[in-house]
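Summary of the model geometry
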Amino acid sequence: MLRDPTTKYRPFPPIALPDRTWPDAVITRAPRWLSTDLRDGNQALIDPMDAEKKTRLFDLLVKVGLKEIEVGFPSAGATEFDFISGLVCEGRIPDDVTIQVLTQSRRDLIERSFESLDGATSAIVHLYNAVSPAWRKIVFGMTRDEVREIAVAGAKILRDEAGKRPNTAWQFEYSPETFSTAELDFSVEVCAAVMDVLRPTPEKPLILNLPATVECATPNVYADQIEWFCRNVPNRDSVVISLHTHNDRGTGVAAAELGLMAGADRVEGCLLGNGERTGNCDLVTVALNMYTQGVDPRLDLSDIDAVVNTVTYCTNLPVHPRTPYAGDLVFTAFSGSHQDAIKKGFAAQGQRNDGLWEVPYLPIDPADLGRSYEAVIRVNSQSGKGGVAWVIEQDKGLKLPKRLQADFSQHVQAMADETSRELNAADIWNRFEATYLPRPGDRFELVDYEESGSAGNRLFVGRLAVEGEQRSISGRGNGLISGVIAALADSTGPALEIVDYNEHAIGHGADAQAAAYVEARTADGRTVFGVGMDTDIATASVRAVLSAANRA
C-alpha cells in the first residue's frame, strides 16, 4: 500500500445539494422489489445454474412473494433463451408475477429478447448502456452525444418490437449503467431522451433504474445523487425510480435504504446479496430491516432456513454464519454475559402483555423467521447448514439434526472430490443410504423385537442377524432405546452412550413413515450417528440405534 494514496486515488466529489431532504425522511412502506438472482446473481457464479436449479430458485422467489423477477439475459445463449421461453410456454408464471429480461442496446439482442417472451401475459424489457466518463473514454471511445444516441436507438427498437406484440402488457426499464460514477446532468439528459421516445405516463410509467454499478463513495453520496435526479428528471410522476446497488464498499444495503429515503420507488437485488464482485444489494436484509421497524416488507421470509438452503443449493455458494438474519450464528451468543441477558430477556418477554418485542441482543424474534429459541439458548451447539441437507428434506422429507448435517456433509464433500462433477439429488440420497441406512453386509440387522415392562423399567428382547447369524439379545432400561443399548452392551457390543435423539413423521396419513436419529458416543470417545426409518416410530428408533452400532 502507498504511504500517500492521493498520488494514485482521488476522492469522489460530493454532490452540491445543500437543501437535501432525505436525512429527515423515514421509510414507512415497502418499495417495489425486483429479484435479479436469476440474471445478475447467476452470471456471477463460477458454475452458472442449470435449468433444474433455475427452476427451483424461480419457484422460491415466487413463494417469497416477489412480483417482479429478472429471469435472464435471453440473447446470451440458448440456455438462457430456452429457460425464459420455457417459463412462458409452460405457464409457470403466476398471474400476479411479471418477469423481466435484460438486453444491451443492440437491435439483434433486443429482438431476440422479445422473441423469448412471445406469448407472455406481461413482461418488462430492461435496456441499458453505460454512460459514465471512464466507460465513454476507455471502453467505448465515444462522445456524450454518441452514448445518448445508443440509448435512443435502443428505446425506438423497444417501442417498435412491443408494437408488434399487442397481446402482451409491456413495461420498459432503462438503466444508465454506471450512474453512480456519471455526471448527474448527463444521466438526466440520456433518461429524458429515452422518455421522449417511449412517452411514459403516470398510468404507464417508465422504470428508470439508477445503478451503483461500482460503489464509489459513501451511501450518503448515492442518496444525494438519487434526490438530485428525482428533482431534475422531467415528468417525475411518469417514471418509477429504481435502485440497483452493489457492495464494493460494503454498504450496498445502506445505499439502498438511503436511496429510498431520497425518493426512490423500487429496489433491485438478490436474496442474500449474491452478485458480481462483492455482490448486489441483499434483499433479505433490506426487507427485514424494515420489518424490525414495524414496516411490512410484503415479502414472506418466515422460513429463513428454507430460503438459505435453496439459495446455497442453487448457487453453490455458502452463506456466512454471520450474515444478517440468515446466518447460522446470528441468534447465538457465546459470551456468558450475552447469554444471561438473552435468557433474562426471554423471561421478561413472557410477562409482557403488549406483544412488543424487546430482548437484548436480538433485534428480531427468531420465531418470526422460523428459527427456534432452543438454538438461542444452546449457544454453543450451532453449526452450519448446507444445501445437501435441504435436498434431503425436499426430496425425502428427512429433517436432519444439525450435527448429523455436519457429519453427512463430510461424506458428500468426499464424493464431490472423487467425482469432480456436480452432484444431483439422487447422488446425495444414494450416499445417505450407503452411510446411515441398512445395507447388505451390516454387522447388525433387525429381524424382530418385543418390548415389555412398566414405565421406567422396560425390557427389550430382540432377534438380530449379527454378522449373518441370527441371535437373541435382551436388555433393560428406562425406555426402549436404553433397553437396546443395554442389550448390545451385555451381548455382542458395542457399548454406546446416547448423546442426542430426534424423531419426526414423514408425510401424513396412515401410510406416513417415521424417522429417528441418534447421536452416540463409543467407549473410546468417538461420535457416531444412526438413522432409522419405519412406519412405526418405535421400530424406527431401534433401527437408528443399530445404525449407530454399525458405524461404531
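Here, every reference points to the structure presented above.
The structure contained in this document is the topic of the report that follows.

Conventions used here
Residues numbered from 1 in each chain as written. Predicted model: local features only at pLDDT ≥ 70, side-chain atom pairs only at ≥ 80, totals over all residues. Heavy atoms only, no water. Helix = DSSP H or I, 4+ residues; strand = E, 2+ residues; numbered from the N terminus. Buried < 20%, exposed > 50% of the residue type's maximum accessible area, 1.4 Å probe, protein only. Contact = heavy atoms within 4.5 Å. Areas by Shrake-Rupley, 256 points an atom, 1.4 Å probe, with all protein chains shown as cover. Lys, Arg positive; Asp, Glu negative; His and termini not counted. Charge placed at Lys NZ, Arg CZ, Asp CG, Glu CD. Phe/Tyr/Trp six-rings, centres within 6.5 Å; stacked < 30°, edge-to-face > 60°. Pairing = 2+ DSSP bridges. Axes fitted to C-alpha atoms, helices over the stretch in contact; angles between N-to-C directions. Right-handed = clockwise from strand over helix to strand, strands pointing away.

Tallying secondary structure elements over the chain gives 18 helices and 14 strands in all. Taken along the three principal axes of its C-alpha coordinates, the chain extends 90 × 55 × 50 Å. Taking all 552 residues of the chain together, 51% fall into the buried category. Relative to all contacts within the chain whose residues are 6 or more apart in sequence, the contacts with residues 24 or more apart total 65%. On the chain, roughly 25600 Å² of surface is accessible, and the fraction owed to carbon and sulfur atoms is 49%. Taking the average location of the 55 positive side-chain charges in the chain and that of its 77 negative ones, the two points are 3 Å from each other.

This part is about unusual backbone geometry. Phi at Arg298 takes a positive value of approximately 60°, unusual for a residue other than glycine. Residue position: Arg298 is located in the loop between helix H10 (283-291) and helix H11 (304-315). Of note in this structure, Glu467 is not a glycine but carries a positive phi near 55°. The topology assignment puts Glu467 in the loop between strand S10 (457-466) and strand S11 (469-477).

Counted by the stated rule, this structure contains seven aromatic pairs. Each ring, one from Phe408 and one from Phe432, has its centre 5.2 Å from the other, and the planes form 85°; the classification is edge-to-face. Remark: Phe432 occurs in helix H16 (residues 425-436) and Phe408 occurs in helix H15 (residues 402-419); sequence separation between them is 24 residues. Like Phe408, the residue Phe432 is buried in the burial classification. Aromatic pair Phe408 and Tyr436: ring centres 6.0 Å apart, planes at 65°, arrangement edge-to-face. In this pair, Phe408 sits in helix H15 while Tyr436 sits in helix H16, placing the two residues 28 residues apart along the sequence.

Turning next to the environment of Asn129. Tracing the chain through its elements places Asn129 in strand S4 (residues 122-130). As for Asn129 and Thr103, which are separated by 26 residues in sequence, their C-alpha atoms are 9.2 Å apart. Each residue touching Asn129, except ones within four places of it in the same chain, is listed here: Val147, Ile150, Ala151, Tyr174, Ser175, Pro176 and Glu177.

Remark on secondary structure: sheet strands pair via backbone hydrogen bonds, oriented parallel or antiparallel. Spatial strand order, S9-S10-S11: three strands in an open sheet with antiparallel pairing. Each end of this open sheet is capped by a strand with a single partner; those strands are strand S9 (444-454) and S11. Taking each pair of neighbouring strands and ignoring which way they run, the sheet shows an average axis angle of 15°. Pairing of S9 with S10 involves ten bridges; the strand directions are antiparallel. Pairing of Glu445 across the sheet is with Ala465, part of S10. Along the sheet, helix H18 (residues 537-551) makes contact with S9 and S10, crossing S9 at roughly 130°.

Below, the discussion takes up the pairing of strand S6 (residues 206-212). Of all seven residues in S6, seven are buried, a share of seventy percent or more. Across two bridges, the pairing between strand S5 (residues 169-177) and S6 is parallel. Each bridged residue has a counterpart across the sheet, and for Glu173 the counterpart in S6 is Ile207. Sheet analysis places S6 next to strand S7 (residues 239-245), joined by seven bridges and oriented parallel. Paired with Asn209 across the strands is Ser242, a residue of S7. Note on the crossover from S6 through helix H8 (residues 219-232) to S7: the handedness is right-handed.

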